[in-house]
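# Structural overview
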Amino acid sequence: MFTYIQIHLYFIIPPIILLGLIYHPLIGRREILKFLWLGFMATVWTTPWDNYILSQGGWSYPPNSIIGKIYHVPIEEHMFFILQPILVILLHSIFTHGRLLSFDVDVDQIPNDTKPLSEKSEIDRKGEGQEDQSTEKTQLSPLWSERHEEHTLIQTLPRRPIPSLLWMISSLIGLRLVQQTNLYNTIDYGMKQHMFYLSWILVWITPVISFLTYLGARCTWRDWLSICVGSGWLWIVDTIALRSRSWSISEGSTLGVELWKGLPIEEAIFFFLTTYLIVLSSSLISHLHTLLLLTPDLPPCPPFNPVAHIKLLARVAFTPPKIDRRILVGLKEAEKTLKKGSKSFEVAKLAFGREMRIGLVVIYAWCRVTDNLIDEPFSVNTGSDQNDPSSTSLDEARHKILKSIRSHLQLTNQLQTRYPAQPYSLQEVDQELDDIPNLTPEDRSAFHLFSLIIPRLTPIDPFLELCDGYSTDLKFPSKPLSTISQAHEDKLTDHLPIKTREDLMEYADNVAGSIAGAICHLSWSILDSNTTLPVKEYDRVRTTHKGPGPSQDGSKERSNQCSDGGDSRNEIIRSARLMGCSLQLVNISRDIIKDGLISRLYIPISWFQTPSEIIKILFSPPSQPTSTKSYTERLLDLADSLRDQSLSSIEALPRTTRGGVRTMVVSYYEIANAIRKNEGEVDEYGIKVGKWRRIGRAARAMWLGA
Ligand SMILES: CC1=C(/C=C/C(C)=C/C=C/C(C)=C/C=C/C=C(C)/C=C/C=C(C)/C=C/C2=C(C)CCCC2(C)C)C(C)(C)CCC1
């Protein structure tokens, strides 16, 4: 026989420890709130009910099975009220971790208003042209804007009165049966007395389910999966406990029907409904957390104090905000972009919690789209230039696109500083995008998404710096040089902007250091802030993004900016930027030959003894590849020294981002290790990194911090 505490020790606590170990790098204040709130609600809601039923003899415990009692309820049972929510929440969090949005929402199409503004204003102009209809237009326009608003705003948490009513009806049935099934009733109601346990389950739990369902809580298929696994496990545990007489259910108060041998149907229903209620609450809380991040006038990070936290969630649950459709569509598109674009980021993103991941996906999609637009300005049918764009037209188009991207960023930033005095309006920023010739609706959607989410979370400066990095790329020959003589004619070295180590460091800092800094801001805003507009808090830290040229060790000299009492966040950003540079150097080493094929040489010219060495790298024949050893070694040594200076900064980030950042870093360093293993040689395909080795290293970094 197992005692009640042994049931916990053998069957409930070990899975909690196991799931806790798996999920612990991502357990932050959002998850802790779930444990606290549901543990608290379970205790408050279940204790009086359990006391009453025990007093009525509904179930009982052999005296030698329990440690002690608080009134009628054993101490172990009180533990169960808290352990079951912890177990189910962990299971639910793990099963639903892969979803970017915790809820289902039906937005398949890119909305029409991703069309260029010029097309929209065309419609407006047509209306204005018809003088006789002008009065009608003025009357119609509020209606139009109302409709327009309806079209762009989506309620992701609609009330669900019908399913809620069905749950309420089951509560009423339960209540009716309860009235007739008191065990002490002298009149025998036949079967009805056997309904005692079932009716009390219905009366006790269905009103809460009905309430949450009314608020809009509902399950996705992954939620159902966790309900099935969770309740399935609890059924097994209950069967073991009942068979070993850890507790027993009174035969008089049950129907006598068993799900399988030893498990009364009432117990199966009980554990199914409690698991369902916990998953329903957990998924509703996740939904509310996502709404906080996606709604510009709510704080993206919930308060640390659990009481303030649950109050905020309750306020949002009772008056759920509508979400801009373009955000929801944009996120869907961004996920697709990511799937196509980068397998490794697709996996690495899973090492972050959901809210952080949303921010990263938005930034990644924007970077990907802007990078593609600049690299391939004529990729889509854009008119006359498309067939054989000359170098000049390519250059012009690229510079024009970069200018539009910059102005879009600046306008986006202004939009944020005007908010909340004026509502977010994408119309203005949209105008800038109209100047980009071959913008697809998907690209436009990535820009919209960025404007709607990022400016209140991170300063815009890192992205402007990334644009500086893009403009360095634009200095390279716009079309790959196909012959050595062409290279000589074009005075190749004039077109190679990375001349010294400092140039290289500045470039790496602009393209990767900047994004590393943005990730720091993102993590503070999402995981450790307490205002609606966390970006305002970064005004001081922001200076870290602008500074004089690079110093000898490659970092930008910004010592004067830290003399104000040593803001630790400035320090962290500085280190993070070094780490970004370090990863970029690894990237550059891997792609030396590949980049050479498109006439991009990121190795400083000063590292070459003679011009013929440059030519060898740029025109490395596939049959007799040029040795890259001396360059990769130097680049990777530099990368190592930057990494060593900055590794400690990861530990200063909010706890739930550390695992993800560590995972990203080690996967990059697996590339560096592979290059070293190959004696510094890379070819046009870069270098192969063993998939399992990479996964193994990433897992160690995530769970063991190594
Ligand atoms: C009896 C019995 C038993 C068991 C027990 C247990 C295990 C219990 C549990 C219980 C539980 C485990 C319960 C739970 C409950 C829960 C609740 C009651 C909840 C609620 C919630 C709410 C109400 C929420 C809300 C909200 C949200 C979610 C969000 C925000 C907003 C608001 C606040 C609205 C055994 C078998 C040993 C033996 C025989 C008898």
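In the annotation of an unreviewed UniProt entry, the protein is listed under the name Bifunctional lycopene cyclase/phytoene synthase and assigned to Kwoniella europaea PYCC6329.

Under the domain assignment, the protein is made up of domain 1 (4–99 + 162–318), domain 2 (324–454) and domain 3 (479–706). On the domain 3 side, the residues contacting the 16 residues of domain 1 number 12 residues. Across the domain 1/domain 3 interface, buried area totals approximately 1,100 Å², and carbon plus sulfur atoms make up 52% of it. Of all residues in domain 1, P25, P300 and C301 give up the largest surface area on contact with domain 3, accounting jointly for 37% of the area buried on that side. The interface formed by domain 1 and domain 3 holds 1 salt bridge in total. Our enumeration of links across domain 1 and domain 3 arrives at 6 residue pairs in polar contact (both at pLDDT 80 or more). Put simply, the parts of the chain that give the side of domain 1 that touches domain 3 at least two residues each are α1 (4–23) and α2 (29–55). Along the lines of polarity and charge, the residues of the side of domain 1 that touches domain 3 split into 11 nonpolar, 2 polar and 3 charged.

Here the protein averages 85 in pLDDT, and 84% of its residues register 70 or above. Long-range and interchain partners of residues 380–386, a stretch whose pLDDT sits below 50, account for 10 contacts in this model, where long-range means more than four residues apart. Long-range and interchain partners of residues 547–566, a stretch whose pLDDT sits below 50, account for 39 contacts in this model, where long-range means more than four residues apart. The ipTM for the predicted assembly is 0.91, set against a pTM of 0.90.

By the element assignment, T239 lies in helix α9 (residues 221–243). It is 8.1 Å that separates the C-alpha atoms of T239 and K261, two residues lying 22 residues apart in sequence. Side-chain polar atoms of T239 contact the backbone oxygen of W235, separated by 2.6 Å.

A few words now on the site of the ligand. Around the ligand, 33 residues are found, and the nearest of them are Y4, W37, W59, E77 and E267. Taking 950 Å² as the accessible area of the ligand by itself, protein coverage stands at 97%. Of all the secondary-structure elements, those providing two or more residues to the shell around the ligand are α2, α3 (75–95), α8 (196–215) and α10 (265–294). Sort the elements by how many residues they give to the shell around the ligand and α10 lands first, with 10 residues. Counted by class, the shell around the ligand contains 27 nonpolar, 4 polar and 2 charged residues.

The next point concerns α9. Over its 23 residues, α9 runs 33 Å from end to end, which matches the ideal 33 Å to within 8%, given 1.5 Å per residue. R245, located one to two residues past α9, shows a positive phi value of around 60°.

Let us now look at the side chain of S244. Structurally, the position occupied by S244 is in the loop between α9 and β5 (248–249). Once residues within four sequence positions are removed from consideration, S244 is found in contact with M1 and F2.

Rules used throughout
- Residues numbered from 1 in each chain as written.
- Predicted model: local features only at pLDDT ≥ 70, side-chain atom pairs only at ≥ 80, totals over all residues.
- Heavy atoms only, no water.
- Domains from an automatic or database assignment.
- Contact = heavy atoms within 4.5 Å.
- Buried area = accessible area lost by both parts, 1.4 Å probe.
- Salt bridge = Lys/Arg side-chain N within 4 Å of Asp/Glu carboxyl O.
- Polar contact = N/O pair within 3.5 Å; in protein donor to acceptor, adjacent residues only side chain to side chain.
- Helix = DSSP H or I, 4+ residues; strand = E, 2+ residues; numbered from the N terminus.
- Nonpolar A, V, L, I, M, F, W, Y, C, P; charged D, E, K, R; others polar.
- pLDDT = per-residue confidence, 0-100.
- Near = heavy atom within 4 Å.
- Areas by Shrake-Rupley, 256 points an atom, 1.4 Å probe, with all protein chains shown as cover.
- Expected span 1.5 Å × (residues − 1).

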